[in-house]
Amino acid sequence: MNMIPRQRQRLLVVGNGMAGMRTVENLLRLAPHRYDITVFGAEPHPNYDRIALSSVLAGEKSLEEIVINSRDWYAENGIRLIAGDPVVALDRAARTVTSASGLTLPYDRLLIATGSKPLAPPIPGLGLPGTCAFRDIADVETMIAAARSGRRAVVIGGGLLGLEAAWGLKRQGMSVALVHLMPTLLERQLDATAGTLLQRDLDGRGIAFFTNGQTEQILGSERAEGVRLADGREIPAELVVVAIGIRPNIDLARAAGLDVNRGIVVDDGLRTEDPDIFAVGECVEHRGQVFGLVAPLWEQAKVCAAQLAGDAAATYATPPLSTRLKITGVDVFSAGALAAADPADEEITFQDIARGIYRKLVLRGGKVAGVVMYGEVADAAWYFQLLREGTDIAAMRDTLILGRAVATAASGAAAPDPSAALAALPETAEICGCNGVCKGAITGAIADLRLTTLEAVRAHTKASASCGSCTGQVEGLLALALGGDYAKPAGEKPMCKCTPHGHDHVRREILARALRSIPAVMQELGWTRPEGCASCRPALNYYLLCAWPGEYEDDARSRFVNERMHANIQKDGTYSVIPRMWGGVTNAKELRAIAEVVERYGIPSVKVTGGQRIDLLGVRREQLPDVWRDLNAAGMVSGHGYGKALRTVKTCVGSEWCRFGTQDSTAMGVALERMTWGSWHPHKVKLAVSGCPRNCAEATIKDFGVVAVESGWELHVGGNAGIHLRGTDLLCKVSTPEEVLEYCGAFLQLYREEARYLERTAPWVERLGLEHVKARVVEDAESRRALHARFLHAQRFAQKDPWAERAAGADAGAFSTLVPAE
Amino acid sequence: MELGIMDRAGWMEVCGVQDIPRQGARVVATAAHGEVAVFRALDDTVFALEDRCPHKGGPLSQGIVHGHAVTCPLHSWVIDLASGEAAAPDKGCARRIPVRVEGGRVLLAASRR
Ligand SMILES: Cc1cc2nc3c(=O)[nH]c(=O)nc-3n(C[C@H](O)[C@H](O)[C@H](O)COP(=O)(O)OP(=O)(O)OC[C@H]3O[C@@H](n4cnc5c(N)ncnc54)[C@H](O)[C@@H]3O)c2cc1C
């Protein structure tokens with residue numbers, strides 16, 4: 001007997017991407033012990049969901065969230081992963097591969113899954129810093145970095161990738177132009193009408209289109225500065241993204257003498273001409289067809305795994321394909337033929353252009369041969385099922401275009417509500433197009449494995465795990481199966497009862513869709529109460545003010561009373577008035593004016609505040625404009641002690657007087673207050689400057705605290721002496737007063753742009769992490785300067801004394817009382 | 001015309017509708033009702049309530065108006081403008097003052113009945 005145990009076969013996988021690893025996953029399920037598996041990946045990452053790169057760019061997902069198999073997974077399954085080391089040679093005679101680092105490994109079976117490469121057109125200037133494709137994590141990192149430092153991007157290519165890139169960059173805050181060679185967008189997936197509607201919608205969201213645009217050159221010598229089109233037009237930009245298509249990555253196979261055409265030629269068993277070499281994914285060509293979507297690749301991965309597991313009968317056939325565009329709020333679906341191809345074909349169209357809805361069906365021999373949908377895609381799965389199954393639609397021909405509910409009702413069945421519709425779907429109906437998961441597989445898994453959450457269903461069936469557009473249906477199936485036991489997972493908490501959307505989502509949409517008024521936000525985002533409530537209106541007013549400084553007209557009616565009256569309402573309905581005292585410094589003239597105002601208006605109470613200024617309490621509403629006028633006359637302005645705004649800058653006396661002082665903290669505080677007064681924020685903001693580490697100004701419990709040391713200034717952030725005491729975190733140390741101002745402006749602007757309304761800096765810093773703040777304000781000088789510049793820009797419009805305006809007669813009705821003749 | 005004047009018996013004119021900001025209010029001092037908050041909703045409907053929240057007497061005139069409701073500035077009770085009732089779970093009612101709009105003028109009942 002042979003005492004040496006039979007060795008496992010060696011399976012070597014080239015390409016750590018979506019198709020290759022799906023094949024490995026399937027194989028582990030079918031034949032867990034058959035192979036010793038080694039995976040080479042050119043990218044330095046574990047296997048991730050490439051589709052979701054669009055969501056990462058759009059800021060909807062993080063890179064961590066899109067990992068499919070972590071490094072631990074490889075280890076647990078005994079797979080050797082060699083990431084960041086591409087295979088450069090394949091020796092079929094010796095049955096070995098060699099990597100760039102010089103590693104040579106033998107195989108018994110080889111799986112090539114090298115995907116595609118972005119098409120690189122011969123445009124002069126392509127490859128300069130500031131240019132990239134849209135294919136992998138490195139590209140997305142390039143784009144996000146560019147969005148931090150630059151303002152303008154040009155995307156070349158109006159296909160799925162180009163549009164998703166343009167949208168993502170728009171959401172990163174860039175202004176985006178898209179150059180497309182053809183007259184309409186997505187011309188391979190949509191007909192001209194739908195393409196035009198799409199362009200209109202995206203145009204409305206602020207993307208500038210250059211259709212019929214031939215790119216001649218990328219401008220710039222050191223780095224990209226824009227593009228020039230053949231007709232002479234030039235579009236300036238700091239980032240140029242080329243997304244005009246892909247071609248199968250066949251270099252390795254070709255060099256090894258394998259049969260290649262457009263892709264690596266494979267048979268129905270996904271085998272190349274070499275019986276020991278298989279290939280799957282975008283690198284293959286099967287019966288003359290090459291691939292660009294995952295649905296057929298999952299089918300390939302299934303068949304290839306079966307073959308590798310020993311099932312020689314497993315055969316691959318390309319399923320009918322459908323596409324969707326992953327731009328939130330833009331619903332596009334297409335499958336099959338885009339238009340009638342011969343006189344026997346029929347087209348039925350439906351359009352409601354005002355509502356942005358368009359639908360076209362192509363019929364051939366009494367069956368659905370093509371579907372194009374724009375704006376309203378709820379019935380896409382149903383149409384697609386009719387197409388795939390070749391259903392005879394003669395009985396519902398007349399109403400087919402009106403959608404499932406009408407068509408099935410008209411042909412005798414009752415109009416189903418969405419959950420009844422889901423319940424009525426046959427077990428074979430496909431729910432997840434990306435992963436080819438049908439209803440029966442989902443309901444089966446829920447029942448057999450007792451699954452109760454979306455995540456679990458996703459993990460076990462892959463349904464909704466890729467592009468996510470069928471998430472609603474998968475949840476619907478869970479709800480049907482579990483009844484009341486299914487609790488919908490909590491996403492971002494809704495802002496209030498008027499909307500299902502959370503703060504962050506609403507803010508993103510305001511920018512992305514260029515929404516410029518409260519009614520526009522409420523209408524576009526589907527507020528359930530048309531005028532909102534006292535909770536969402538002030539938040540929206542702030543978000544709009546922050547998003548569109550100088551353009552948005554402040555809505556006083558959406559401000560809390562204090563900010564509308566510019567004074568602090570007290571429990572008896574009177575107000576308190578606090579004039580600004582720059583850095584806590586005052587003089588005889590101001591004190592005299594305050595004393596006179598107190599006597600003249602009979603103000604009952606005067607108190608020194610914790611923020612080093614003087615509070616006049618018990619002022620009646622009608623008195624406010626007169627009180628302000630008299631304070632203005634002595635040079636005093638509003639102290640904003642009433643607002644979600646910059647309140648005070650507390651200081652100690654500093655080196656001018658104090659024997660311990662190291663710097664002039666008072667002058668620093670005054671300079672900070674001059675820069676920041678009048679700014680509106682998600683919540684109140686307090687600053688302080690201490691002249692030495694004894695910290696008499698208590699800078700380490702402020703939102704932004706400055707502590708002078710011998711060699712400069714320490715900057716501290718995120719402190720709070722409110723209900724929850726929190727000491728600051730040290731942000732960094734700087735040496736000059738100019739730097740203190742720049743860092744302060746940048747920090748406050750980041751807070752203004754990212755915190756949720758009524759969230760103070762302390763919980764905000766805790767939520768996003770100090771590292772995040774450091775990355776934007778300290779480590780990235782470009783980002784800091786840009787934030788600071790945006791702060792100063794907003795201040796140009798914010799630094800108007802509201803008291804002076806009202807003392808001069810503005811909004812008089814708010815202060816006066818009407819007295820009718822009785 | 002005649003009728004109009006006759007009609008006004010028992011009412012006092014306080015201001016024009018356009019003197020009240022949409023989604024806002026004006027305060028009217030009356031001998032008959034004390035301080036009254038006269039509201040104008042976004043749809044131009046006019047309401048009048050005593051300017052005291054049933055909770056702790058906050059000035060309702062200073063609240064945020066949304067639809068036909070106002071949120072009190074002191075403790076965020078939501079008061080229905082038409083009925084004066086506080087929205088559940090709060091309980092209480094602000095006194096309603098009879099109000100009419102005629103030819104763009106706002107009229108309040110001249111006396112307390
Ligand atoms: C931004 C974006 C959005 C997309 N959205 C969708 C969508 O919504 N729906 C959809 O169906 N499809 C979408 N796709 C397409 C989908 O991602 C691809 O079809 C799929 O990733 C192809 O899988 P693959 O395994 O063939 O190639 P890949 O996933 O690209 O994997 C190939 C891997 O092989 C590596 N490799 C290449 N050469 C070597 C070598 N010599 N040695 C070692 N490793 C090598 C590559 O670095 C890569 O990691 C999208 C693609 C992108 C880029």
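Below or above, wherever it landed, is the structure these notes cover. (Residues numbered from 1 in each chain as written. Chains lettered and ligands numbered in written order. Predicted model: local features only at pLDDT ≥ 70, side-chain atom pairs only at ≥ 80, totals over all residues. Heavy atoms only, no water.)

## Re the overall build of chain A
Our working rule: Runs of H or I in DSSP of at least four residues are treated as helices and runs of E of at least two as strands, each being numbered from the N terminus. It only takes one pair of heavy atoms within 4.5 Å for two residues to be counted as in contact. Here the Shrake-Rupley method, with its probe set to 1.4 Å, supplies the accessible areas, and only the displayed protein chains count as covering residues.
Along the backbone of chain A there are 26 helices and 39 strands. Within chain A, contacts between residues separated by at least 24 positions form 62% of all contacts whose residues are at least 6 apart in sequence. Put simply, chain A shows about 34900 Å² of open surface, and 52% of that area lies on carbon and sulfur atoms.

## Observations regarding the pairing of strand 24 (residues 332–336) of chain A
Residue and element names in this part refer to chain A. Heads up, the rule is: Per-residue accessibility, obtained with a 1.4 Å probe over protein chains only, is compared with the maximum for each type, and a residue is labelled buried under 20%, exposed over 50%, and partly exposed between these values. In this scheme, strands are said to pair when DSSP sees at least two bridges between them.
For strand 24, a buried count of four out of five residues is recorded, marking the element as mostly surrounded by other parts of the structure. The pairing of strand 24 with strand 27 (residues 367–374) spans five bridges and is classified as antiparallel. By the bridge assignment for strand 27, phenylalanine 333 is matched with methionine 373.

## Digging into the interface of chain B and chain A
We apply this condition: By definition, the buried area sums, over both parts, the 1.4 Å-probe accessible area that each loses when the two are put together. Polar contact is defined as a pair of N or O atoms within 3.5 Å, subject to the rule that within protein one atom must be able to donate a hydrogen and the other to accept it, and that residues adjacent in sequence are counted only when both atoms are side-chain atoms. Three residue categories are used. Nonpolar comprises Ala, Val, Leu, Ile, Met, Phe, Trp, Tyr, Cys and Pro, charged comprises Asp, Glu, Lys and Arg, and polar comprises the others, including Gly.
Each partner contributes to the interface: chain B provides 28 residues, whereas chain A provides 28 residues. Summing both partners gives a buried area of about 2100 Å² for chain B against chain A, and 56% of it is carried by carbon and sulfur. Of all residues in chain B, Arg26(B), Gln62(B) and Ile64(B) bury the most surface against chain A, accounting for 30% of the area lost on that side. There are nine residue pairs in polar contact (both at pLDDT 80 or more) connecting chain B and chain A. Elements with a minimum of two residues in the side of chain B that touches chain A: strand 1 (11–16), strand 2 (24–30) and strand 5 (64–66) of chain B. Per element, the largest residue contribution to the side of chain B that touches chain A is six residues, and it comes from strand 2 of chain B. Its residues assigned to classes, the side of chain B that touches chain A comprises 16 nonpolar, eight polar and four charged.

## Things to note about the sheet that holds strand 17 (residues 234–236) of chain A
Think of a sheet as strands paired side by side through backbone hydrogen bonds, with each pair either parallel or antiparallel. Residues and elements named next belong to chain A. The test is simple: The convention used is that axes are lines fitted to C-alpha atoms, helices contributing only their stretch in contact, and that angles between N-to-C directions extend from 0 to 180 degrees.
Strand order in the open sheet formed by three strands is 15-16-17, with antiparallel pairing between adjacent strands. Every interior strand has two partners, whereas the edge strands, strand 15 (215–219) and strand 17, have only one. Shown here is a sheet whose adjacent strand axes are inclined to one another by a mean of 20°, direction ignored.

## Some remarks on helix 1 (residues 18–30) of chain A
Cut-off, in case you're wondering: Between the first and last residue of a helix there are one fewer steps than residues, each counted as 1.5 Å, and that sum is the expected span.
In this model helix 1 of chain A runs 18 Å from its N-terminal to its C-terminal C-alpha over 13 residues, within 8% of the 18 Å that 1.5 Å per residue would give. Listed as buried for helix 1 of chain A are Met18(A), Ala19(A), Gly20(A), Met21(A), Arg22(A), Thr23(A), Val24(A), Glu25(A), Asn26(A), Leu27(A) and Leu28(A).

## Looking at the pairing of strand 3 (residues 34–40) of chain B
Residue and element names in this part refer to chain B. A large share of strand 3 lies buried, amounting to five of its seven residues. One ladder, built from seven bridges, connects strand 2 with strand 3; its direction is antiparallel. Bridge assignment links arginine 26 to a residue of strand 3, and that residue is valine 38. As defined by bridge partners, strand 3 adjoins strand 4 (residues 46–50) across five bridges and the pair is classed as antiparallel. Within strand 4, the residue paired with phenylalanine 39 across the bridge is phenylalanine 47.

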